[in-house]
Amino acid sequence: EEPGSRLSPPAPGAALELPEGTMDPRSTFYVVRSTDVLALQTIERGGVTITIKAPRQMGKSSLLIRTVDRAKQMGKRVALLDFQFVDQAALNSADVFLRQFCAWLSLRLKLPDQSDYYWRLPLGHIQRCTEYVEDYILAQIAQPLVLAMDEVDKVFDTEFRSDFFGMLRGWHNRRQANSEWKRLDLVLVTSTEPYQLVANLNQSPFNVGQVLELEDFTVEQVADLNRRHDTPLDARAEARLSALVGGQPYLVRRALYLVASGQMTAETLFATATDERGAFGDHLRHHLLRIHDRPDLVAAMHEVLTRRTCNDEHTYFRLRGAGLVKREGRAVVPLCPLYEQYFRAHLPAQQASGRK
């Protein structure tokens, strides 16, 4: 019998958790990385700016939740805004977006919306929004306030992105001269390389304060997570998993969950890794569909696969933000061997020559 081929019963310890979405801060399966320690230490101080950045499915939102959870324990008020819920109409207009931003912030803090008054002032949109926060929000709230913003990449393609992020940088800078602004902490989560969001780095909120870039799980962390799942993978299979997916957090958790829950043997997991119905089929297909109708991204992936390079930095950061590629020295390579195998087999060949 091949090692790892036996179907494992569900782990007798903690109930297994689906490896999807944001994790509960107290989850038995949460892996604490060095960035967690820094985030929690930083949010305990006052008047801080934190940026959490990493490609998709690396645990950014889960770390954000842990960070705001610690802030609440410290007695801070928290307004958590997830930009996934901003609709296209708002993204088409700075006026609509910033007014909604103020109303949303009020709602999160259970304060009456006073944006009507501030939007009658003969000021620009950024000035109105800033006055709203200083003159109204901070005046109404006595304790320290954490403004946490998830998925800020949603603003990436707007015409007002530099104005919006420049405003946040301005709020960060105001703490030096105005004690009221020292009560405001900013926590930003992005999967896009920050320099792409703001043309002028002096107007960027992403290169000040504490910048945390999430890393893959280490081999030791994968081994620890395997133990927490009641060791569904033997030592050989564990090493094989690390070789296949690196330490990509979602892929590691999905593999361990499927074997620990008895849905798949380790041997089947590896034998069908790139199959449509395999352990990672939905995940891989999702990545393929995201770039399928983008000739520039398809051609760039071909360039990565065949020449180990990506000449267009903007396109590179799109692929990196999607969690598909990484840099190794001067080379650009697929994030892990699983992606290399899958995209070599499934990337549309007819668009390979779309770049010069």
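Look above for the structure.
So, here's what we can say about the structure.

Each value, and the rule that gives it
- The residue numbering used here restarts from 1 in each chain and proceeds along that chain's sequence as written.
- Only residues with pLDDT of at least 70 are given local features in this predicted model, and only at 80 or more are side-chain atom pairs given and counted; all residues enter the totals for whole chains, interfaces and linings.
- The side-chain numbers reported here are obtained from all heavy atoms of the structure, hydrogens and water having been left aside.
- The working definition used for a salt bridge is a side-chain nitrogen of Lys or Arg within 4 Å of a carboxyl oxygen of Asp or Glu.
- For the purposes of this entry, the term helix denotes a DSSP run of H or I that reaches at least four residues, the term strand denotes a run of E that reaches at least two, and both are numbered from the N terminus.
- Exposure classes here rest on a 1.4 Å probe applied to the protein chains alone. A residue is buried below 20% of its type maximum, exposed above 50%, and partly exposed in between.

Counted according to the given criterion, the structure contains 25 salt bridges. Residue Glu20 is joined to Arg254 by a salt bridge in which the shortest nitrogen-to-oxygen separation is 4.0 Å. Taken together, the residues Glu20 in the segment before α1 (34-43) and Arg254 in helix α10 (residues 249-260) connect sequence positions 234 residues apart. On the accessibility criterion, Arg254 (18% relative accessible area) is buried. Between Arg66 and Asp36 there is a salt bridge, with the nearest N and O atoms lying 3.1 Å from each other. One end of the pair, Arg66, is in helix α2 (residues 60-73); the other, Asp36, is in helix α1, and 30 residues separate them in sequence.

The next subject is unusual backbone geometry. Residues other than glycine seldom take positive phi values, yet Glu151 does so here, at roughly 55°. Within the secondary structure layout, Glu151 lies in the loop between β3 (145-150) and α7 (161-174). Of the residues examined, Glu151 reaches a relative accessible area of 29% and is grouped as partly exposed. With a phi close to 50°, Thr231 is a non-glycine residue in the positive phi region. Structurally, the position occupied by Thr231 is in the loop between α8 (219-228) and α9 (235-245). When its relative accessible area of 46% is taken as the criterion, Thr231 is described as partly exposed.

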